[in-house]
Amino acid sequence: MSENIQHITVALPGGEQKTVPPGTAARELLLPAHKQAIAARVNGKVLDLSHPLTVDCTLEPVLPTSPEGLDVLRHSSAHLMAQAVKRLFPHVQITIGPVIDSGFYYDFKHDQAFTPEDLEKIEAEMKKIVAENFLVTREEILRDDAVRMFHDMGEHYKAEIIASIPANDVISLYRQGEFVDLCRGPHVPATGRIPAFKLTSVAGAYWRGDERNEMLQRIYGTAFATEKELKQHLALLEEAKRRDHRRVGKELDLFIFDPIAPASPFFLPKGTFIYNELIAYIRTLYKRYGYQEVLTPQIFDVDLWHRSGHYENYKENIFFTEIEGRTFGVKPMNCPGHTYIYAAKKRSYRDLPLRIADFARLHRFERSGVISGLTRVRSFAQDDAHIFCTPEQIEAEVNGVLRMVTEVYRTFNFTEMRFDLSTRPPKRLGDDATWDRAEAALAAALAANGIQYRINAGDGAFYGPKIDCIVFDALRRPWQLATIQLDFQLPERFDLRYTNSEGHEVRPVMIHRAVLGSLERFFGVLIEHCGGDFPLWLAPVQARILTITESQDAYAHHICEQMQQAGVRAEVDLRNEKLGYKIREAEVHKIPYMIVVGDKEVSSATVAPRGRKGEKIPALTVPEFIARVAAESVPGGAP
RNA sequence: GCUGGCGUAGCUCAACGGCGGAGCAACUGAUUUGUAAUCAGUAGGUUGUAGGUUCAAAUCCUAUCGCCAGCUCCA
């Protein structure tokens, strides 16, 4: 047992190697050079700085600015918050406090609700604990001892969590000052290392996320490596508020909501214009991509929903109505209706693929707590279509849909996209050979389009695998919009057939697909993406003519008429106001072109356009201006 | 649905047991104006709805409708 053969070799960043006795803390090797580190990465695993190194390993610092470091920081912030809460509200029980995308939260058992004033107090206490700069230490303890310990402390939720961990496991505790919490870590070495945090909101949450359990109080917060990043994050939240489609929709007179029809938008003329343009744009693509549009009933005998399986699986979301003793369901989806169009005549393989598109209104009952603006409504339409094809055609069809999806999102200036391929779930319909072929076809179609994708194993629907398209808006928030789903079940349930080339009757495959998804939801996302500055082709008013005095009224009317005749959506502002006032108003209404006309323009028969961002555009003749608008006013044209 | 918060003029918000206000918008008048707000005046309300407490309710209580945040990110 000679001491000197028990040395370990640690590889540090930059190729440096050190030989140290086992048990040396990671911190000691990192410290002089990497004092910013808040954790250590040992053989790729993120651990405490105090972690004793026992075997040969690679060692890297984890900085608070790295994604892993930020997680550590936020997790420690959650503990910091829990400590502050326990100081201020000793009777409160702690439960769990994980890291989330935008920060962290901690759930507490507290009989009263936390108020915004409480949050301020808690935040102040957190700052105090940071100043006290407690060491954060880790210790290991047997499970049963931990259960007893938390039980004795009156932390019954904590004890319950620990009791659900296997009996022989060693578990870890983290201590900072008087506060101790069960946690697997890692954590920052001391509370003084948490520089920038903010508590953002408080809300109810169920114990273990189950609505049958009792309700806890959840406090959300966020933390960053620097004050500057925290400010940036808070500014982003402000910007998101400013762009909120509910606010923009009101300001720009796009749509309203009224309690008389909860979660069902009333589109005003300007909003309806944009809505219809979205449909018109998709229709132009349908011509190129070979879709045929249909109109189908709004309500169907409940028999349809029994046969399709919706009654069994989706009843809670369907509006029912009764008349003449018959029960009808208002359609939440178009697919069952479309099977009737398919089945209306005998189909041959020569008829396939059959692509049926439908912009029909759909109604789904959504629980009152989940509805929100245009993004979660009870009344909406989709750019929905169903493709009936042979199994051999799946890849080519999905390929076509993917091409359309990428074209559409490019048009709307969504530059970032992600695709997820969801494969067979444990509980499913159909044989493995069919699933093999279907999943392979989807993967091949993705590959054919050069699309990188993630696999969500087991996340497919029970009736078939699917591809979801997630787009990121200007604030980098993800939205799941387009979807492509294979379906082997509905053709079965509705006994759909076609005659193949050998004369046998066989089942077609159904592909459900939407590109924009719900038009309402897409509209909402588009508003937030562009902040209300719609591209020229979608702007309800493209140009507003602003006069300086009433002596230009006749000219303004004349050129407005000219523009309208040429298809430019123009209007005049003849009000007896100063130019600055009219400009401000047009600016606030996000009108793309302001056309200033004074005596100068009248005498030279020109216009002086101004862009909505204040860009000065040299004087143009009216035909020149019209040509400019016409050139820019196409999908994918001027932003 | 559940937890919490909030419903006051068209919009954004004050008043928080004691006569419901302001800014913007609207309307009227004056001003005729050159690139983000000219001035003055007028009108606008059973305080979401229904009950209750009180001498007195926008304010306190109950119910109801609606809106907002959250309720899957697992020590």
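Procedures and definitions
Residues numbered from 1 in each chain as written. Chains lettered and ligands numbered in written order. Predicted model: local features only at pLDDT ≥ 70, side-chain atom pairs only at ≥ 80, totals over all residues. Heavy atoms only, no water. Core = buried A, V, L, I, M, F, W, Y, C linked by side-chain atoms within 4.5 Å. Buried < 20%, exposed > 50% of the residue type's maximum accessible area, 1.4 Å probe, protein only. Helix = DSSP H or I, 4+ residues; strand = E, 2+ residues; numbered from the N terminus. Contact = heavy atoms within 4.5 Å. Arc of directions from axis to C-beta. Lys, Arg positive; Asp, Glu negative; His and termini not counted. Salt bridge = Lys/Arg side-chain N within 4 Å of Asp/Glu carboxyl O. 1 Å grid on protein atoms, 1.4 Å probe; cavity = no way out; pocket = protein on both sides within 12 Å on 5 of 7 lines; lining within 4 Å. Points joined across faces, edges and corners; volume = space filled by probe spheres on them. Nonpolar A, V, L, I, M, F, W, Y, C, P; charged D, E, K, R; others polar. Near = heavy atom within 4 Å. Pairing = 2+ DSSP bridges. Axes fitted to C-alpha atoms, helices over the stretch in contact; angles between N-to-C directions.

S.K.: Kindly report on the nonpolar core, identifying the contributing residues and their values.
M.R.: Counting 64 residues, the largest nonpolar core has Val398, Phe412 and Phe534 as its most contacted members. The biggest single contributor to this core is helix H8 (residues 269-289), with nine residues. Ignoring anything within four residues of it in the chain, the contact list for Val398 reads Leu442, Ala445, Ile467, Ile484, Leu486 and Ile511. Counting 34 residues, the second largest nonpolar core, distinct from the first, contains Phe104, Ile194, Leu199 and Ala223.

S.K.: Tell me about helix H19 (residues 622-632), and please be specific about residues and values.
M.R.: Every buried residue of H19 is listed here: Val622, Phe625, Ile626, Val629 and Glu632. Within H19, the buried residues cover an arc of 135 degrees as seen down the axis, which keeps them to one side. Exposed and facing more than 90 degrees away from the buried side of H19 are Pro623, Ala630 and Ala631.

S.K.: Got a sec to walk through unusual backbone geometry? Specific residues and values, please.
M.R.: Following Gly185, the chain continues into Pro186 via a peptide bond in cis, with omega recorded as 0 degrees. Structurally, Pro186 is set in the loop between strand S13 (179-182) and strand S14 (196-206). Leu352 connects to Pro353 through a cis peptide bond whose omega is 0 degrees. Relative to the elements of secondary structure, Pro353 occurs in the loop between helix H11 (335-343) and strand S22 (354-358).

S.K.: Mind laying out the side chain of Arg74, listing which residues take part and the relevant values?
M.R.: Relative to the helices and strands, Arg74 is located in helix H2 (residues 67-88). As a buried residue without a salt bridge, Arg74 has its nearest oppositely charged side chain in Asp71, at a separation of 5.2 Å. Setting aside its immediate chain neighbours within four residues, Arg74 contacts Val99, Ile100, Asp101, Ser102, Gly103, Phe104, Thr222, Ala223 and Phe224.

S.K.: A description of empty space enclosed by the protein should follow, citing residues and the corresponding values.
M.R.: This model, assessed by the stated rule, comprises one cavity of 30 Å³ or more. Volume-wise, the largest cavity comes out at about 30 Å³. In this structure, the largest cavity is lined by Leu402, Val405, Phe419, Ile467, Asp468, Cys469, Ala482, Thr483 and Ile484. For the lining of the largest cavity, the secondary-structure elements that each account for two or more residues are helix H12 (394-411), strand S27 (466-472) and strand S28 (478-487). Its residues assigned to classes, the lining of the largest cavity shows seven nonpolar, one polar and one charged.

S.K.: Residue-level account of the pattern of salt bridges, with values.
M.R.: On inspection of all chains with the given rule, the structure shows 54 salt bridges. Of the charged contacts in the structure, one is a salt bridge between Asp107 and Arg218, with a shortest N-O distance of 2.6 Å. Note that Asp107 is positioned in strand S10 (residues 103-109) and Arg218 in strand S15 (residues 215-224), a separation of 111 residues in sequence. We classify Asp107 as buried; its relative accessible area is 2%. The class for Arg218 is buried, based on a relative accessible area of 14%. Across the pair Arg424 and Glu439 runs a salt bridge whose closest N-O atoms are separated by 3.0 Å. Of this pair, Arg424 sits in the loop between strand S25 (416-422) and helix H13 (432-448) while Glu439 sits in helix H13; the two residues are 15 residues apart in sequence, bridging distant segments of the chain.

S.K.: If you had to explain the protein's contact with RNA strand B to someone new, which residues and values would you point to?
M.R.: By nearness alone, 53 residues border RNA strand B, and Leu182, Gly209, Ser368, Asn576 and Arg584 come closest of all. Listed by contribution, the elements that provide at least two residues to the surface near RNA strand B are strand S9 (99-100), helix H5 (156-163), S14, S15, helix H7 (245-251), helix H17 (579-588), helix H18 (599-604) and strand S35 (606-611). Of the residues that constitute the surface near RNA strand B, the class distribution is 25 nonpolar, eleven polar and 17 charged.

S.K.: Which residues make up the layout of surface pockets, and what values go with them?
M.R.: Approximately 1000 Å³ is the volume found for the largest pocket. Residue contributions to the lining of the largest pocket peak at six residues, all from strand S31 (residues 509-518). When its residues are assigned to classes, the lining of the largest pocket shows 14 nonpolar, 16 polar and nine charged. The computed volume of the second largest pocket comes to approximately 670 Å³. Every residue lining the second largest pocket is counted, 23 residues in all, and those nearest its centre are Ser102, Leu236, Leu475, Arg476 and Arg477. Secondary-structure elements contributing two or more residues to the lining of the second largest pocket are H2, helix H6 (227-243), H7 and S28.

S.K.: Describe the sheet that holds strand S4 (residues 39-42), naming the residues involved and giving the relevant values.
M.R.: Taking strand neighbours across the sheet as the criterion, the five strands line up as S2-S1-S7-S4-S5 in an open arrangement whose pairing is mixed. In this open sheet, the two edge strands, each paired with only one partner strand, are strand S2 (17-20) and strand S5 (45-47). Neighbour-to-neighbour, the strand axes of the sheet open up by a mean angle of 35 degrees, direction not taken into account. Sheet topology note: the strand S1 (residues 8-11)/strand S7 (residues 57-62) ladder contains two bridges and is parallel. Along S7, the bridge assignment pairs Ala11 with Thr58.

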